[in-house]
Amino acid sequence: MATGRQRRGKDEGQGGTATDEQRPRVRAFGLRTRLLLAFLLVAAVSAGTTAALTYREARTAVLRTAQDTAVSSFRDHVQQTGFSLPVRKEGMEEVLRDLARKGKPRPWVVFAEYGSLRASSGENPVSTVITPELRRAARANPRGAFERVVKDGVPYLTIAMPTVFKTSPGSVLPTGLVLYAVMRMADEQVNVDALLMAARDGALPGLAVALIPGLIAARSVLRPVRELRQAARSMGSGRLDTRIRVRGSDELADLARTFNESAGQLEGSVRELREAEERARRFASDVSHELRTPLAGMLAVTEVLEEDAEGLGADTARALRLVSAETGKLAVLVEDLMEMSRFDARAAELNDDEVDVAEAIRKTLQNRYWTDDRVGVQLPDGIRARLDPRRFDVVIANLVGNALKHGGAPVTVRLCTEVRSPGTPVLITEVMDSGPGIQPEVLPHIFDRFYKADAARTRSAGSGLGLAITLENVKLHGGTIRAGNRPGGGAVFTVEIPLHAEEAGG
């Protein structure tokens, strides 16, 4: 069993050692990862949008240049070519081949449609890429029409140009002859594909380059956050003089200044509270020490006077006995205050020894004459543990006395052992009474100093520190104590203390 000093040294040493819970955990989607992903997402959207807009504009420019050149050139050549009506197929083919040779910016295949007549500059008199929509547009618009068509994966530009008679400067009549030019746009498609690849190849390196400012930005954001986390953990471990270095004048710098100001105010408040607590402890200890000597004299005097009380008058004897009882209570209060001051000053120590727990409980009950039918026991023999006999005696005496005073007889003291995970044996002592139990609103405060369950009660029969002293003694053994109510009625106090000696039985 570790002594109180050893335990305090261990507690004070924990401030400089990071436990497994204090060490930073690596998170798959921590703040750094989320910042990088957000930065890359913005960069990807920006790069993708820029590349898409650039590709669209460049593609439109490439196709429009070829398209405008072809349409303008074909219109001019058609207008400059004379046709004799009615149209005959023999002469028409030669005219169409002549127009095809003049094709810009790529060679054309020229087709003619006149009534049922079909002719072309190529081998097939009818084109498979000229759509009905283009034919309807040509008949409706004397200035012609054009359309881009993709057939078998190959893009084509199809141009329809009707021939007309000029009846007046502002009026024309269609002749019924419509010429069509079909131009392959494979070269333009190659250029467009090259633009697409260039946009894609330019975006990917851009994303890789964007990682560098992303990492820098994430580091600049996370460094103050990491320092703030470490400072908060340091303050949580008791180092209230922890401060954060302020860099710059942004929001994170304001956060660091606010943290430092709050830490300074907290340090000042805690220092004042500690000084006040220390003064209160010193005052209680000094008062207790100063009262101890005169109280010892008063107790001796009252004991002598009490022996001669029979020879005094009734009123004098009654007053003498009252003074003697109150002096005894005051002596108990002073002793309890001195004990609490030792706990507060962390000066209380364990003088542990290996004891027979059942025998120790029996001695406690015998010394206080609780061997009648008011107190029953369930004490299996052979349970041995390393305990401080004096402090364990105080624990049992306070719990049984509290049960008899505030609960109801009979009171049962039960002793047993259990093995808790991970395989730690625990000594369990239960003190159960037959009273009405503890009110639910009282349970959280049952171990508070000078706590009164009945607010109307101005003073208690005891010092009001019994359960508080019991709690401190149990803690000194490394154990726990809890209060509750039994299902059948009555209060139960359960003390659990780790076993540090081999059990001999039970």
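Rules used throughout
Residues numbered from 1 in each chain as written. Predicted model: local features only at pLDDT ≥ 70, side-chain atom pairs only at ≥ 80, totals over all residues. Heavy atoms only, no water. Buried < 20%, exposed > 50% of the residue type's maximum accessible area, 1.4 Å probe, protein only. Helix = DSSP H or I, 4+ residues; strand = E, 2+ residues; numbered from the N terminus. Arc of directions from axis to C-beta. Contact = heavy atoms within 4.5 Å. Polar contact = N/O pair within 3.5 Å; in protein donor to acceptor, adjacent residues only side chain to side chain. Phe/Tyr/Trp six-rings, centres within 6.5 Å; stacked < 30°, edge-to-face > 60°. Patch = residues over 30% accessible without salt bridge, like charges linked within 9 Å, V, L, I, M, F, W, Y side chains within 5 Å. Areas by Shrake-Rupley, 256 points an atom, 1.4 Å probe, with all protein chains shown as cover. Salt bridge = Lys/Arg side-chain N within 4 Å of Asp/Glu carboxyl O. Lys, Arg positive; Asp, Glu negative; His and termini not counted. Charge placed at Lys NZ, Arg CZ, Asp CG, Glu CD. Pairing = 2+ DSSP bridges. Axes fitted to C-alpha atoms, helices over the stretch in contact; angles between N-to-C directions. Left-handed = near helix turned anticlockwise from the far one by under 90°. Nonpolar A, V, L, I, M, F, W, Y, C, P; charged D, E, K, R; others polar. Expected span 1.5 Å × (residues − 1).

Now for helix α8 (residues 357-367). Those residues of α8 not exposed but buried are V357, A358, I361, T364 and L365. Summarising the axial view, the buried residues of α8 lie within an arc of 120 degrees, below the 170-degree limit, and thus occupy one face. If you follow the buried residues of α8, they end up packed against β6 (353-356), β7 (375-378), β8 (384-387), α9 (389-406), β9 (411-420) and β10 (424-432). The backbone nitrogen of A358 lies 3.2 Å from a side-chain oxygen of the residue at the head of α8, namely D356. Taken from the residues just after α8, Y369 is the one with a positive phi, measuring 60 degrees.

Moving on: the environment of L177. The topology assignment puts L177 in strand β5 (residues 171-184). For the pair L177 and F83, spaced 94 residues apart in sequence, the C-alpha to C-alpha distance is 9.2 Å. Other than its neighbours up to four places away in sequence, L177 contacts F83, V87, M92, A112, E113, Y114, M161, P162 and T163.

Tallied over the entire structure, the rule returns 2 aromatic pairs. Relative to W108, the ring of F74 has its centre 5.2 Å away and its plane inclined at 90 degrees; by these criteria the two rings are edge-to-face. One end of the pair, F74, is in helix α2 (residues 31-80); the other, W108, is in the loop between α3 (89-101) and β1 (109-114), with 34 residues separating them in the sequence. When its relative accessible area of 0% is taken as the criterion, F74 is described as buried.

The next thing to look at is a negative patch on the surface. Together, E303, E306, E307 and D308 give the surface a local cluster of negative charge. Structurally, E303 can be placed in helix α6 (residues 251-307).

Attention now goes to the pairing of β10. Extensive coverage of β10 is indicated by the burial of 7 of its 9 residues. Alignment of β9 against β10, held across 9 bridges, turns out to be antiparallel. Looking at the pairing, E418 lines up with V426 of β10. Where β9 folds back on β10, the antiparallel hairpin that results is connected by 3 residues, among which G423 adopts a positive phi of roughly 80 degrees.

Turning our eyes to something else, we now look at a nonpolar patch on the surface. The grouping of L85, F165 and L173 at the surface amounts to a nonpolar patch, some 280 Å² of accessible area in total. As for its position among the elements, L85 is in the loop between α2 and α3.

Along the chain, L415 turns up in strand β9. The buried category is assigned to L415, whose relative accessible area is 3%. Measuring from C-alpha to C-alpha, the distance between L415 and V377 comes to 8.3 Å, with 38 residues separating the pair along the chain.

Here we come to the sheet that holds β10. Strand order across the open sheet formed by 5 strands is β7-β9-β10-β12-β11, with mixed pairing between neighbours. Only two strands of the sheet have a single neighbouring strand rather than two, namely β7 and β11 (480-485). Across the sheet, the axes of successive neighbouring strands diverge by a mean angle of 20 degrees, strand direction being ignored. Sheet topology places β7 next to β9; 4 bridges connect them, and they run parallel. Its bridge partner being in β9, V375 is matched across the sheet by V411. Taken strand by strand, helix α10 (residues 466-476) contacts β11 and β12 (491-498), and its axis lies near 135 degrees from that of β11.

Of the strand pairs in this sheet, β11 and β12 are connected by 6 bridges, and their pairing is antiparallel. Its bridge partner being in β12, N485 is matched across the sheet by A491. From the end of β11 to the start of β12, which pair antiparallel, there are 5 residues, and G489 there has a positive phi angle of about 110 degrees.

What follows is about the packing of helix α7 (residues 314-344) against α10. Running from amino to carboxyl end, α7 crosses α10 at an angle of 40 degrees, the nearest separation of the two axes being 10 Å. The crossing of α7 and α10 is left-handed. Along its contact with α7, which presents D336, E339, M340 and F343, the element α10 presents A468, I469, E472, N473 and L476. Residues of the contact of α7 with α10, tallied by class, amount to 5 nonpolar, 1 polar and 3 charged.

What follows concerns the side chain of D433. Structurally, D433 is set in the loop between β10 and α10. It turns out D433 is buried and unbridged, and the closest side chain with the opposite charge, R486, is 5.7 Å from it. Engagement of the side chain of D433 in a polar contact is seen with the backbone nitrogen of G435, the distance being 3.0 Å. Of note is the side chain of D433, whose polar atom sits 2.9 Å from the backbone nitrogen of A491. Among all residues touching D433, those that are not within four sequence positions of it are A403, G407, G408, P410, V411, R486, G489, G490 and A491.

It is worth spelling out α7 at this point. With 31 residues, α7 extends 45 Å between its outermost C-alpha atoms, agreeing within 8% with the 45 Å of an ideal straight helix rising 1.5 Å per residue. Within α7 the residues assigned to the buried category are A317, L320, S324, T327, A331, V334, D336, M338, E339, M340, S341 and F343. One or two steps after α7, the chain reaches R346, where phi turns positive at roughly 55 degrees.

Moving on to a positive patch on the surface. Together, R219, R223, R226, R229, R233 and R245 make up a positively charged patch on the protein surface. By the secondary structure assignment, R233 is in helix α5 (residues 186-236). The exposure class of R233 is partly exposed, given its relative accessible area of 31%.

This brings us to the pattern of salt bridges. Scanning the model with the defined rule gives 17 salt bridges in all. Between D254 and R257 there is a salt bridge; the shortest N-O distance is 2.9 Å. Linking D254 with R257, this pair stays in helix α6, spanning 3 residues, or about one helical turn. Among the charged side chains, a salt-bridge network with shared partners connects D98, R101 and K102.

Such coordinate-based values are descriptive only and should not be taken to indicate function.
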